[in-house]
Amino acid sequence: MIIISNNPKNKAHSYGDFLHCLSLRISNSSTISKVIYTQNNPSYSSVLNASIHNARFSTPTTPKPYAIITPRKTSHVQSTIYCSKNHGFQLRIRSGGHDVEGVSYVAQVPFVILDLVNFRDVKVDTKNEVAWVQSGATTGELYYGIASKTQTLGFPAGICHTIGIGGHLSGGGFGVLGRKYGLAVDHVIDAKLVDANGRVLRRKSMGEDLFWAIRGGGGNTFGVVLAWKVKLVPVPPVVTVFTVNKNLEQNATKIFHRWQYIAHKLPKDLFTTVWVMKVNSSQVGKKTVQASFRGMLLGGVDELIPLIQNEFPELGLAKENCTQMSWVQSILYFGGLPIQPVDILLNRHALPVSSVKEKTDFVREPMSETGIEGFMNMFLEEEADFAITMIEAFGGRMDEIRENELPYPHRAGILFESTYIVQWTNEADAGTYINWIRRLYSYMASYASKSPREAYYNYKDLDLGTNNIIGYTSYEQASVWGLKYFKNNFKRLVQIKTKVDPMNFFRNEQSIPPL
């Protein structure tokens, strides 16, 4: 066991000392070259950029880490914590690089990145319906691991297959199985974590408080979660997906207005979502706004059609809008990828990288038709050329889990979650696009949840407030953003942080502060 000193006199703030410290602890010279990447290493840039999914944070002026550590075993993680702590470097922990505000790989103070890219084992046990998955594996690698062994088990996580498991599970994880089974994190039954003192803890040794906190409260606030044990869930061999597109001229506004009243009450086996974006109009040279109604039933098409015709006839669902496939293929379908061959799930670079800003809302009361019209019209603006809002229906299992069951509180009474996304290619235009999404968010204020206006931690948004980069952050200051993400669970998270990391070694712009 490594016990780490908190004595500030030990901190030399010297990069050379930090590297010397690491090299003493990782004594195998052939290993060092595969674990430590300094700025003069020819592979440094490719390792840094390999899992950056937001081009906003890979510009020449973006602050760069003094070193990138890609541990191959637990002792490398312990050594990195020890040396970072004793030599005054902030540690940023990266699992997949999908952190939309870049806080897992960018800092405004001297820092190093602990990149878990080599911690990516997936071990699926179909007999006991569980899997151990390391934090650096992607959701796609987990899905592929499950599907290569069985067609009748799945896992309820997100549709983007390149997301790192570490970040996804430590913030919640909602996906197309969410109405049936809840969040990804609702199915975590054990974890392996290295704490600020270098101790390796499992569920039993970390205690139920800390185990509660890492399942939705941001794992990197409390330590380095190396692996997760998850319970798999039953899925049928065949699911049915559908897409029905309606634009403004085809009554998209009225149909969406109706959808809000129905979607959260549908049977748990049916998930629906609406994607809103600008598209070309049938009139040459004109644009319109399209609401793309998508869904998945855990069952066959012959069951789906009468169900939708009965509950939501306004949609006009027909057989040609539907496709039957396996559960794992549905991940690719919703991710906008070809559904064959499924080994694209193993490709971490299958999705293009652009600059992006995202924000989220949870909606508890249906929007008025006028409100929806105003919202959709904002997509006709020039800055919305590459914007999309993904609106996912809640209800079902999400209504049955108590708000304080886990740190993620957005459960009963939510009709849908909205994720607003704007993308651009020229970094010089960033301000214009970010301003547009902030106006969209501002427009939605009167329709979104209130006191607090809730937000989803997995889509971090530094507009909501941040901790001090240097020095102490008060509970009051942090609660400005903390209550939006965690509601009343924020207080408990702060108490647990105070107990397990009182010196606030694991910290970033939106990490839970100690009291």
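What counts and how
- Residues numbered from 1 in each chain as written.
- Predicted model: local features only at pLDDT ≥ 70, side-chain atom pairs only at ≥ 80, totals over all residues.
- Heavy atoms only, no water.
- Helix = DSSP H or I, 4+ residues; strand = E, 2+ residues; numbered from the N terminus.
- Rg over C-alpha atoms; globule rule 2.2 N^0.38 Å.
- Buried < 20%, exposed > 50% of the residue type's maximum accessible area, 1.4 Å probe, protein only.
- Contact = heavy atoms within 4.5 Å.
- Areas by Shrake-Rupley, 256 points an atom, 1.4 Å probe, with all protein chains shown as cover.
- Lys, Arg positive; Asp, Glu negative; His and termini not counted.
- Charge placed at Lys NZ, Arg CZ, Asp CG, Glu CD.
- Expected span 1.5 Å × (residues − 1).
- Core = buried A, V, L, I, M, F, W, Y, C linked by side-chain atoms within 4.5 Å.
- Axes fitted to C-alpha atoms, helices over the stretch in contact; angles between N-to-C directions.
- Parallel < 35°, antiparallel > 145°, perpendicular 65-115°, else oblique.
- Left-handed = near helix turned anticlockwise from the far one by under 90°.
- Nonpolar A, V, L, I, M, F, W, Y, C, P; charged D, E, K, R; others polar.
- Pairing = 2+ DSSP bridges.
- Phe/Tyr/Trp six-rings, centres within 6.5 Å; stacked < 30°, edge-to-face > 60°.
- Lys NZ or Arg CZ within 6 Å of the ring centre and 35° of its normal.

### Digging into the overall build of the chain
Logical step 1: Scanning the chain from terminus to terminus reveals 15 helices and 18 strands.
Logical step 2: Taking 24 Å as the expected radius of gyration for a compact globule of 515 residues, we find that the chain reaches 23 Å, a close match to that expectation.
Logical step 3: Referenced to the eigenvectors of the C-alpha coordinate spread, the extents of the chain come out at roughly 70 × 50 × 45 Å.
Logical step 4: Out of the 515 residues belonging to the chain, those deemed buried represent 59%.
Logical step 5: Partitioning the intrachain contacts of the chain with sequence separation of at least 6 by distance along the chain shows that 73% fall at a separation of at least 24.
Logical step 6: For the chain, the computed accessible surface area is about 20100 Å², with 50% contributed by carbon and sulfur atoms.
Logical step 7: Taken as two groups, the 54 positive and 44 negative side-chain charges of the chain have centres that lie 8 Å from each other.

### Looking at helix α4 (residues 74-86)
Logical step 1: The end-to-end C-alpha distance of α4, which contains 13 residues, comes to 19 Å, matching closely the 18 Å that a straight helix rising 1.5 Å per residue would cover.
Logical step 2: Taken across its 13 residues, α4 has 12 buried, putting it largely inside the fold.
Logical step 3: Downstream of α4 by one or two residues, glycine 88 has phi in the positive range, about 75°.

### Some points on the environment of valine 103
Logical step 1: Tracing the sequence through the fold places valine 103 in the loop between β3 (90-94) and β4 (111-115).
Logical step 2: Between the C-alpha atoms of valine 103 and phenylalanine 57, which are 46 residues apart in sequence, the distance is 9.5 Å.
Logical step 3: Residue contacts for valine 103: discarding those within four places in its chain leaves Arg92, Lys460, Leu462, Asn508 and Glu509.

### A few points about the nonpolar core
Logical step 1: Judged by nonpolar contacts, the single largest core of 127 residues is most densely connected at Phe155, Ile214, Trp228 and Trp259.
Logical step 2: Here tryptophan 259 is in contact with Thr272, Thr273, Val274, Phe293, Phe312, Ile391, Glu392, Ala393 and Phe416, once residues within four sequence places are set aside.
Logical step 3: Formed by 25 residues, the second largest nonpolar core is a distinct cluster that contains Val35, Ala67, Leu91 and Phe506.

### A word on the packing of helix α8 (residues 203-214) against helix α15 (residues 489-500)
Logical step 1: At a minimum axis distance of 10 Å, the contact between α8 and α15 shows a crossing angle of 120°. Comparing their axes, α15 and α8 come out oblique. Relative to α15, α8 is oriented so that their crossing is left-handed. Side by side, α8 and α15 meet where Asp209, Leu210, Trp212 and Ala213 of the first sit next to Asn489, Arg492, Leu493, Ile496, Lys499 and Val500 of the second.
Logical step 2: Within the contact of α8 with α15, the residues separate by chemical class into six nonpolar, one polar and three charged.

### Some thoughts on the sheet that holds β4
Logical step 1: Read from one edge of the open sheet, four strands run β1-β2-β4-β3, paired in mixed fashion. Of all the strands in the sheet, the pair left with one neighbour each is β1 (36-38) and β3. Put simply, the sheet's adjacent strands are angled 20° from each other on average, direction ignored.

### Digging into the packing of aromatic side chains
Logical step 1: Counted by the stated rule, this structure contains 31 aromatic pairs.
Logical step 2: Relative to tyrosine 459, the ring of tyrosine 456 has its centre 5.5 Å away and its plane inclined at 75°; by these criteria the two rings are edge-to-face.
Logical step 3: Overall, tyrosine 456 belongs to the buried group, its relative accessible area being 3%.
Logical step 4: On the accessibility criterion, tyrosine 459 (23% relative accessible area) is partly exposed.
Logical step 5: Here the aromatic residues Phe174, Phe271, Tyr333, Phe334, Phe362, Phe394, Tyr408, Tyr456 and Tyr459 are joined through ring pairs into a cluster of three or more.
Logical step 6: The positively charged end of arginine 453 is found above the aromatic ring belonging to tyrosine 441, 3.5 Å away from the centroid.
Logical step 7: Its guanidinium or amino end placed over the ring of tyrosine 457, lysine 460 lies 4.7 Å from that ring's centre, counting from NZ or CZ.

Nothing here speaks to function; it is geometry throughout.
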